[in-house]
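If you want the building blocks of each chain, they are given just below.
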Amino acid sequence: MTDERLTERSTTDILAEIELLRARRAVARERRLVSTSERGARDPKPRVGSHGKRWRVESVDDDFLSGLEGGEDEDLNKLLE
Amino acid sequence: MTLPQIVPIDHAVKEDVLFIDFSTYSTYSMCKEKDRLAHILHLRPVIEEKPLSYGHAIHAGIAELRRKGDIDAAVQAYVQDLIDAGSSLPISIEDDERRSVERGEALIRAYAQRWHGEPYEVYRGSDGEPYCEIGFAMYFMDWHGRPVMLAGRMDWIARSTIDQRAYQFDLKTTTSNVPQQLKQVRPNHQFTIYTLAAKTILSLDLAGSYMDVVYISDRKPAVKGGPWMQLGVDIDKDFGRQPTHRSATDIDEMMFDLIETTRERLTWQDRLESGEISRWPRNAPGACFQYGGCRYLDICSTNCNPNIIATNYVIKPWLPWQELVKKEV
């Protein structure tokens, strides 16, 4: 592209190309923003713990919770670690 | 010191006058040999000097904006200038070369918005002609009976809508940061010459001058951010203006520098023309690697090899009076 002389083109032609480049960029930008927000809603990024370990709470069922009732907080912390 | 007089251009041409301008003066001061190659031999590189053609085109676009107040016409003038120069600059701002046609287009539109509503309007002569791109030539000394004229060109003169006084604006495109560029208003002989020219040629006492800076960044269009950032332009940081003022003493002191330097330069020119010397002294490496490297590096590094000169350069004489005569007509 850098070797092409502008002499062979008209101002209208050059300005139209600039408009086209910007339009394409705007579409790409829209897509990128949409896809990012869609992915964010569908698949949230896992949180990173203080030691760099990846963990996430997928779901907690009632049986699990009832098993913990009356337990010490330390037990829960160990489980989450 | 006597103020320079206005000399009619046709008279000046007939008398075979010597010309000097700010570019000649500053080039000579930086490196004598560079001045000889540029202004005595009139050598220009065959390959495009992108900073020059790009700066010229931005100037052309903004001058059109001043003349007509029409942004689309300004953009057209900018692109047409690049076409006329046979430029091979890239169109897209995504290119590695920062001086893209697209960036310039965005800069001209952003410039118009950035300074929209400013308290200045273009100064117009009694015939209604806008004072834009004003070429001038004024007598300032003699050299062995030949008149020496100081030539130049002012970007535009404005009238303040607040105090009704005249201000001169000089546009600079730069790849260094704007605050750094704005510091260079004083001392700066270019502004002093313009103050003198406005007084001599146009009978205008300038209330001040402005350095008007446009930053050529390498910023790519942002995904997020405002509409200008999406075009690769930071409308706050890519533009700046710095006012400055010149007194009568400033003009006298500038004339001292200019006359003494011109005398020295013309002495070197006489020695060259008499055959006593074949070239001028080089300031190496002080001047060789500034601003991305001197355009004559390959000449000096091969000790003026004639094959290099014939292959890599063309002769384009600098004839400021031609344009002035055309304007006079």
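For the structure, check the block above.
Below or above, wherever it landed, is the structure these notes cover. (Residues numbered from 1 in each chain as written. Chains lettered and ligands numbered in written order. Predicted model: local features only at pLDDT ≥ 70, side-chain atom pairs only at ≥ 80, totals over all residues. Heavy atoms only, no water.)

1. Quick word on the overall build of chain A
Piece 1. The helix and strand inventory of chain A stands at 3 helices and 2 strands.
Piece 2. Listed by position from the N terminus, the elements making up chain A come as α-β-β-α-α.
Piece 3. By the burial criterion, 14% of the 81 residues in chain A qualify as buried. (Helix = DSSP H or I, 4+ residues; strand = E, 2+ residues; numbered from the N terminus. Buried < 20%, exposed > 50% of the residue type's maximum accessible area, 1.4 Å probe, protein only.)

2. Structural notes on the overall build of chain B
Piece 1. The helix and strand inventory of chain B stands at 12 helices and 9 strands.
Piece 2. In summary, chain B has a C-alpha radius of gyration of 21 Å against a globular reference of 20 Å for 329 residues, a match within 12%.
Piece 3. Along the first, second and third principal axes, the C-alpha atoms of chain B reach 65 × 50 × 35 Å.
Piece 4. A total of 329 residues make up chain B; the buried ones form 51% of that total. (Rg over C-alpha atoms; globule rule 2.2 N^0.38 Å.)

3. Considering the interface of chain B and chain A
Piece 1. Counting residues at the interface gives 26 residues for chain B and 20 residues for chain A.
Piece 2. Between chain B and chain A, roughly 2100 Å² of surface is buried when both sides are summed, and carbon and sulfur atoms account for 61% of that area.
Piece 3. When residues of chain B are sorted by the area they lose upon contact with chain A, Ile83(B), Ile91(B) and Val223(B) head the list and together hold 29% of the total.
Piece 4. Counting across the interface, chain B meets chain A through 4 salt bridges.
Piece 5. Two residues, Glu102(B) and Arg22(A), come together in a salt bridge whose shortest N-O distance is 3.3 Å.
Piece 6. Summed over the shared surface of chain B and chain A, the number is 7 residue pairs in polar contact (both at pLDDT 80 or more). (Contact = heavy atoms within 4.5 Å. Buried area = accessible area lost by both parts, 1.4 Å probe. Salt bridge = Lys/Arg side-chain N within 4 Å of Asp/Glu carboxyl O. Polar contact = N/O pair within 3.5 Å; in protein donor to acceptor, adjacent residues only side chain to side chain.)

4. Considerations on the packing of helix 4 (residues 50-68) of chain B against helix 6 (residues 101-114) of chain B
All names here are of chain B.
Piece 1. At a closest axis distance of 10 Å, the pairing of helix 4 and helix 6 adopts a crossing angle of 35°. In the packing of helix 4 onto helix 6, the handedness of the crossing is right-handed. Across from Tyr-54, Ile-58, Gly-61, Ile-62, Leu-65 and Arg-66 in helix 4, the residues of helix 6 making contact are Arg-103, Gly-104, Ile-108, Tyr-111 and Ala-112.
Piece 2. Among the residues making up the contact of helix 4 with helix 6, the classes are represented as 7 nonpolar, 2 polar and 2 charged. (Axes fitted to C-alpha atoms, helices over the stretch in contact; angles between N-to-C directions. Left-handed = near helix turned anticlockwise from the far one by under 90°. Nonpolar A, V, L, I, M, F, W, Y, C, P; charged D, E, K, R; others polar.)

5. Structural notes on the nonpolar core
Piece 1. If you look at the biggest cluster of nonpolar residues, it comprises 33 residues, and the most contacted ones within it are Ile14(A), Tyr78(B), Val101(B), Tyr111(B), Val214(B) and Phe239(B).
Piece 2. Elements supplying a minimum of two residues to this core: helix 1 (11-42) of chain A together with helix 4, helix 5 (71-84) and helix 6 of chain B.
Piece 3. Among the elements that make up this core, the one with the highest residue count is helix 6 of chain B (7 residues).
Piece 4. Aside from chain neighbours lying at most four places away, what touches Phe239(B) is Leu107(B), Ala110(B), Tyr111(B), Arg114(B), Trp115(B), Val178(B), Val213(B), Val214(B) and Val233(B). (Core = buried A, V, L, I, M, F, W, Y, C linked by side-chain atoms within 4.5 Å.)

6. With respect to the pattern of salt bridges
It is possible for side chains bearing opposite charge to pair when their charged atoms get close.
Piece 1. Under the criterion given, the structure shown has 27 salt bridges over all chains.
Piece 2. Residue Arg25(A) pairs with Glu94(B) through a salt bridge whose shortest N-O separation is 3.1 Å. Residue Arg25(A) is located in helix 1, and its partner Glu94(B) is located in the loop between helix 5 and helix 6; the two belong to separate chains.
Piece 3. Notably, a salt bridge pairs Glu102(B) with Arg25(A), separated by 2.7 Å at the nearest N-O pair. Within this pair, whereas Glu102(B) is found in helix 6, its partner Arg25(A) is found in helix 1, the two belonging to separate chains.

7. Examining helix 4 of chain B
Residues and elements named next belong to chain B.
Piece 1. Its 19 residues place the ends of helix 4 27 Å apart at the C-alpha level, agreeing with the 27 Å of an ideal helix rising 1.5 Å per residue.
Piece 2. Of the residues making up helix 4, those classed as buried are Ser-53, Tyr-54, Gly-55, Ala-57, Ile-58, Ala-60, Gly-61, Ile-62, Ala-63, Glu-64, Leu-65 and Arg-66.
Piece 3. Just beyond helix 4, the residue with positive phi is Gly-69, at close to 70°. (Expected span 1.5 Å × (residues − 1).)

8. Quick look at the side chain of Ser209(B)
Residue and element names in this part refer to chain B.
Piece 1. With respect to the element layout, Ser-209 can be found in strand 7 (residues 208-215).
Piece 2. Given the relative accessible area of 2%, Ser-209 is considered buried.
Piece 3. Within the structure, Ser-209 has its side chain in polar contact with the side chain of Gln-168 (distance 3.1 Å).
Piece 4. Those residues in contact with Ser-209 that sit more than four places away from it in its chain are Gln-168, Phe-191, Thr-195, Gln-242, Pro-243 and Thr-244.

9. Thoughts on helix 8 (residues 189-202) of chain B
Residues and elements named next belong to chain B.
Piece 1. Look at helix 8: 19 Å from first C-alpha to last across 14 residues, which is about the 20 Å you get at 1.5 Å a residue.
Piece 2. If you check the start of helix 8, you find a side-chain oxygen 3.0 Å away from the backbone N of Gln-190, and it comes from Asn-188.
Piece 3. Of the residues flanking the end of helix 8, it is Ser-203, one or two places downstream, whose phi is positive at about 55°.

Fair warning: the whole summary comes from geometry, so function is off the table for now.
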